[in-house]
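Structural overview
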Amino acid sequence: MECFLNNTKVFIDENYEELSLRSAQIIKNQVDAVPGTVLGLATGSTLIGTYDELVRLHKAGEVDFSKVVSFNLDEYFPIKKSDNQSYYYYMKKHLFNHVNILAENTHIPDSEAADYEAECAAYEEKITAHGGIDLQILGIGNNGHIGFNEPGDAFISQAHYVKLDESTIKANSRFFDNENDVPKHAITVGMRTIMTAKKILLLASGEKKAEAIFQTIHGAITPRVPASILQLHPNVTIIADKEAARLLL
Ligand code: F6R
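Considerations on the site of the ligand
The ligand sits among 14 residues. The nearest are Thr43, Thr46, Asp74, His145 and Lys209. At 2.7 Å, a side-chain N or O of Thr43 approaches an oxygen atom of the ligand. The backbone of Gly147 places a nitrogen or oxygen atom 2.8 Å from an oxygen atom of the ligand. Burial of the ligand by the surrounding chains reaches 95%, relative to a free accessible area of 410 Å².

Next comes the structure, spelled out in structure tokens:
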């Protein structure tokens, strides 16, 4: 089902598989239309189905990443790139190793940098030098975070080093042996990079995202729910499965 809610285009899909096919198709259409597209990429469990489908489309000769440039939203800091929980590792595993994107065109905040402040500034400069993001893909935290822009007192514009929210550490502990192993800090792009993207595609799957999705679309615009700022962006598409959309209709 497709509808407009509070000026946001929303697709409500039956299940995660349909959501993944739809989001991969939107990304493919963007790359077909603008081969040198600058994609803003996210990690996490929600994106895995989308990347699987993009890999399938690429192997079927239906999408060409040879001119695509990508910037990931965020990365734990510090973490070894070789660690199987780093987002560097995730991106290679789920997408980069299986499509024809050029390694030099992919960017992820450097989790091994000596100085995180310098890395944040350099990362943001690189995004600006590429003219910003054409299509920004977002997941959403149970707490409404986008990238690792966590709930707080202000929307932070710049790329920054962030202490992860307790709820994020808890949510992400499902990927680790135990909660203590989850990195406590990360580097994330700020709201300026997200909000100046030409188009935004936000994906949400599962019951745990229902409240965040409701607040994102219908709630007050507040840094307590970081994704609520998307109400101010002119070109946002949200794809939710039935569970994540439970409070919408
Ligand atoms: C990760 C990111 C995060 C995730 C969010 C949802 O790069 O940007 O905002 O999108 O935490 O994660 P999952 O999909 O694992 O529920």
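Some points on helix H1 (residues 16–33)
Taking 1.5 Å of rise per residue, 18 residues should cover 26 Å, and H1 covers 26 Å from first to last C-alpha, within 8% of that figure. Residues of H1 that are buried: Leu19, Ser20, Ser23, Ala24, Ile27, Lys28, Gln30 and Val31. Here the buried residues of H1 occupy an arc of 165° about the axis, which is enough to place them on one side. Between the side-chain oxygen at the start of H1 and the backbone nitrogen of Glu17 there is a gap of 3.2 Å, and the oxygen is on Asn15.

Description of the packing of H1 against helix H2 (residues 48–59)
At a minimum axis separation of 8 Å, H1 and H2 run at an interaxial angle of 55°. In this view, H1 runs oblique relative to H2, as classed from their interaxial angle. The chirality of how H1 crosses H2 is right-handed. On the side of H1, the interface is formed by Tyr16, Ser20, Leu21, Ser23, Ala24, Ile27 and Lys28, while H2 contributes Ile48, Gly49, Thr50, Glu53, Leu54 and Leu57. Classifying every residue of the contact of H1 with H2 gives seven nonpolar, four polar and two charged.

Examining the sheet that holds strand S8 (residues 160–163)
Pairing within the open sheet is antiparallel, and its three strands lie in the order S5-S9-S8. Edge strands, defined here as strands with exactly one partner in the open sheet, are strand S5 (74–76) and S8. Across the sheet, the mean angle from the axis of one strand to that of its neighbour is 25°, orientation sign disregarded. Examined bridge by bridge, S8 and strand S9 (residues 185–188) share four bridges and lie antiparallel to one another. Counted as the bridge partner of His160 is Thr188 from S9.

Some thoughts on the packing of H2 against helix H3 (residues 87–94)
Orientation of H2 relative to H3, taken along the N-to-C sense of each, is 40°, at an axis distance of 9 Å. Taken together, the axes of H2 and H3 are oblique relative to one another. In this structure, H2 contributes Ile48, Tyr51 and Val55 to the contact, and H3 contributes Tyr90, Met91 and His94. Across the contact of H2 with H3, the residue classes tally to five nonpolar, one polar and no charged.

Calculation notes
Residues numbered from 1 in each chain as written. Predicted model: local features only at pLDDT ≥ 70, side-chain atom pairs only at ≥ 80, totals over all residues. Heavy atoms only, no water. Near = heavy atom within 4 Å. Polar contact = N/O pair within 3.5 Å; in protein donor to acceptor, adjacent residues only side chain to side chain. Areas by Shrake-Rupley, 256 points an atom, 1.4 Å probe, with all protein chains shown as cover. Helix = DSSP H or I, 4+ residues; strand = E, 2+ residues; numbered from the N terminus. Expected span 1.5 Å × (residues − 1). Buried < 20%, exposed > 50% of the residue type's maximum accessible area, 1.4 Å probe, protein only. Arc of directions from axis to C-beta. Axes fitted to C-alpha atoms, helices over the stretch in contact; angles between N-to-C directions. Parallel < 35°, antiparallel > 145°, perpendicular 65-115°, else oblique. Left-handed = near helix turned anticlockwise from the far one by under 90°. Contact = heavy atoms within 4.5 Å. Nonpolar A, V, L, I, M, F, W, Y, C, P; charged D, E, K, R; others polar. Pairing = 2+ DSSP bridges.

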